[in-house]
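A structural walkthrough
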Amino acid sequence: MKVAVAGDHAGFALKERLRAHLAARGHEVVDLGAPDASPSDYPDHAEAAARAVLEGLAERAILVCGSGVGVAAAANKVPGILAGLCHDHYSAHQGVEHDAMNVLALGARVVGEALALEIAEAFLAARFDGEERHARRVAKVRTLEGRFQGRADRGQSSS
């Protein structure tokens, strides 16, 4: 599978390990940065990976930051992306099978390397099952997304 990987400085080491591991497993890996552990901004890397998926440059993407929360939130702002923060094997495959997740977010400071590799493999091996109830729910998510496209974020914290 062609998979994009990206992450900020906090996710750099794990992103590099994922890149090497996935390539060794026969995946075509598109590395979208960060190029090193210098400070960088997770929204930039999340957007690059989301674009790669939407433009067909990758079938799926894996994003890494310190907690995984930032990259998941940023990727989910891109219409057409369904990103899930997963720190366990079950969520990684179930998110694809039932929810059509196309971007996996990982927290480098939360999950260990060995588990992260297993989670990534489960994510990439899974396929959307297309069951009516799952397709209906994903369609509702897409409809919800469409209702809010183009609106400014009014829920931002003032702190």
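The following refers to the structure shown. (Residues numbered from 1 in each chain as written. Predicted model: local features only at pLDDT ≥ 70, side-chain atom pairs only at ≥ 80, totals over all residues. Heavy atoms only, no water.)

Attention shifts here to the overall build of the protein. Counting secondary structure elements, the protein contains six helices and five strands. Counting only C-alpha atoms and orienting by the principal axes, one finds that the protein spans roughly 40 × 40 × 25 Å. A total of 159 residues make up the protein; the buried ones form 42% of that total. Of all intrachain contacts in the protein linking residues separated by at least 6 positions in sequence, the fraction that spans at least 24 positions is 68%. (Helix = DSSP H or I, 4+ residues; strand = E, 2+ residues; numbered from the N terminus. Buried < 20%, exposed > 50% of the residue type's maximum accessible area, 1.4 Å probe, protein only. Contact = heavy atoms within 4.5 Å.)

Taking 1.5 Å per residue, 13 residues should reach 18 Å; helix 5 (residues 113-125) reaches 18 Å between its end C-alpha atoms and fits that length. By the burial criterion, the buried members of helix 5 are A116, L117, I119, A120, A122, F123 and L124. (Expected span 1.5 Å × (residues − 1).)

So, about the environment of A135. Looking at the element boundaries, A135 is found in helix 6 (residues 132-148). For the pair formed by A135 and G7, sequence separation is 128 residues and the distance between their alpha carbons is 30 Å. If we skip the residues at most four places from it in the chain, A135 touches F128 and G130.

What follows covers the side chain of S40. Within the secondary structure layout, S40 lies in the loop between strand 2 (28-31) and helix 2 (42-54). Of the polar contacts made by the side chain of S40, one reaches the side chain of H45; its length is 3.1 Å. (Polar contact = N/O pair within 3.5 Å; in protein donor to acceptor, adjacent residues only side chain to side chain.)

The buried fraction of strand 1 (residues 2-7) amounts to five of the six residues, a majority that puts the element mostly inside the structure. As paired elements, strand 1 and strand 2 share four bridges and run parallel to each other. Bridging across to strand 2, V3 finds its partner in V29. Crossover handedness for the path strand 1 to helix 1 (residues 12-24) to strand 2: right-handed. Strand direction decides the pairing type here: strand 1 and strand 3 (residues 60-65), joined by five bridges, are parallel. Counted as the bridge partner of V5 is I62 from strand 3. (Pairing = 2+ DSSP bridges. Right-handed = clockwise from strand over helix to strand, strands pointing away.)

The next point concerns the nonpolar core. The tendency in soluble globular proteins is for nonpolar side chains to be buried as a group. L18, L22, I62, L104, L106, I119 and F123 are the most contacted members of the largest nonpolar core, which has 22 residues in total. Listed by contribution, the elements that provide at least two residues to this core are strand 1, helix 1, strand 3, helix 4 (89-97), strand 5 (103-107) and helix 5. The element best represented in this core is helix 5, accounting for seven residues. Once residues within four sequence positions are removed from consideration, F123 is found in contact with R60, A61, I62, A92, V96, M101, N102, V103 and L104. (Core = buried A, V, L, I, M, F, W, Y, C linked by side-chain atoms within 4.5 Å.)

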